[in-house]
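Below are the chains, spelled out letter by letter.
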Amino acid sequence: MIGSFDTMENYLSIAEAVSHYGKSESTIRSIVRLASKKKGVLKHEALKNGSKKIYISIDYLDSKFKVVNNRSKGITDMLGNDTSNELIEVLKSQLLEKDKQINELIERSRESNILLSQMQQKVLMLDEPKKKKWWQRK
């Protein structure tokens, strides 16, 4: 094996790359063929049967798939499927509750607007000058 585990942690085997990026094996192998001309992108491990296991740089794969910070795991990677389904259900129920709260606030806002409008009309009526009769005019 070339290098220690520390140097291999930035590399993925073809099978790991397929799983990690969700791409087909043929896609990953095509990228490996293109990367074979570049230095430091591929590493090989000699196996007991005489064949070689190929590892490809995570940074190179990230650049090919235009992935930003691929090393941070997504929420479904950190949680199991059961846990993520439970999380989705909790988030859905919270979303429904927030929708109810928003609708209540909208209704309160409408009521406030009606009350303000009524108050403005009353104030305008108070400020309106009274008309004088023709004999009271100067």
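Our subject is the structure listed above.
Residues numbered from 1 in each chain as written. Predicted model: local features only at pLDDT ≥ 70, side-chain atom pairs only at ≥ 80, totals over all residues. Heavy atoms only, no water.

1. Describing the nonpolar core
- Counting 15 residues, the largest nonpolar core has Tyr21, Ile56 and Leu61 as its most contacted members.
- When contributions to this core are tallied by element, the ones reaching two or more residues are helix H2 (14–21), helix H3 (25–35) and helix H4 (58–64).
- Top element by residues in this core is H3. It accounts for four residues.
- With residues near it in sequence (within four places) discarded, Ile56 still touches Asn10, Tyr11, Leu12, Ile31, Val32, Ala35, Val41, Leu42 and Leu61. (Core = buried A, V, L, I, M, F, W, Y, C linked by side-chain atoms within 4.5 Å. Buried < 20%, exposed > 50% of the residue type's maximum accessible area, 1.4 Å probe, protein only. Helix = DSSP H or I, 4+ residues; strand = E, 2+ residues; numbered from the N terminus. Contact = heavy atoms within 4.5 Å.)

2. Overview of H3
- For H3, the complete set of buried residues consists of Ile28, Ile31, Val32 and Ala35. For H3, the arc enclosing every buried residue in end-on projection is 105°, short of the 170-degree limit, so these residues lie on one face. The exposed set on the far side of H3, more than 90 degrees from its buried face, consists of Ser26 and Arg33.
- Among the structural elements, H2, strand S2 (42–46), strand S3 (52–57) and H4 are those in contact with the buried residues of H3. (Arc of directions from axis to C-beta.)

3. Regarding the sheet that holds S3
- On the basis of which strands lie adjacent, the open sheet formed by three strands has the order S1-S3-S2 and antiparallel pairing. The sheet terminates laterally at strand S1 (11–13) and S2, the two strands that pair on one side only. Direction aside, the axes of adjacent strands within the sheet are offset by 35° on average.
- Contacting S1 and S3, H2 runs over the sheet at an angle of about 100° to S1. (Pairing = 2+ DSSP bridges. Axes fitted to C-alpha atoms, helices over the stretch in contact; angles between N-to-C directions.)

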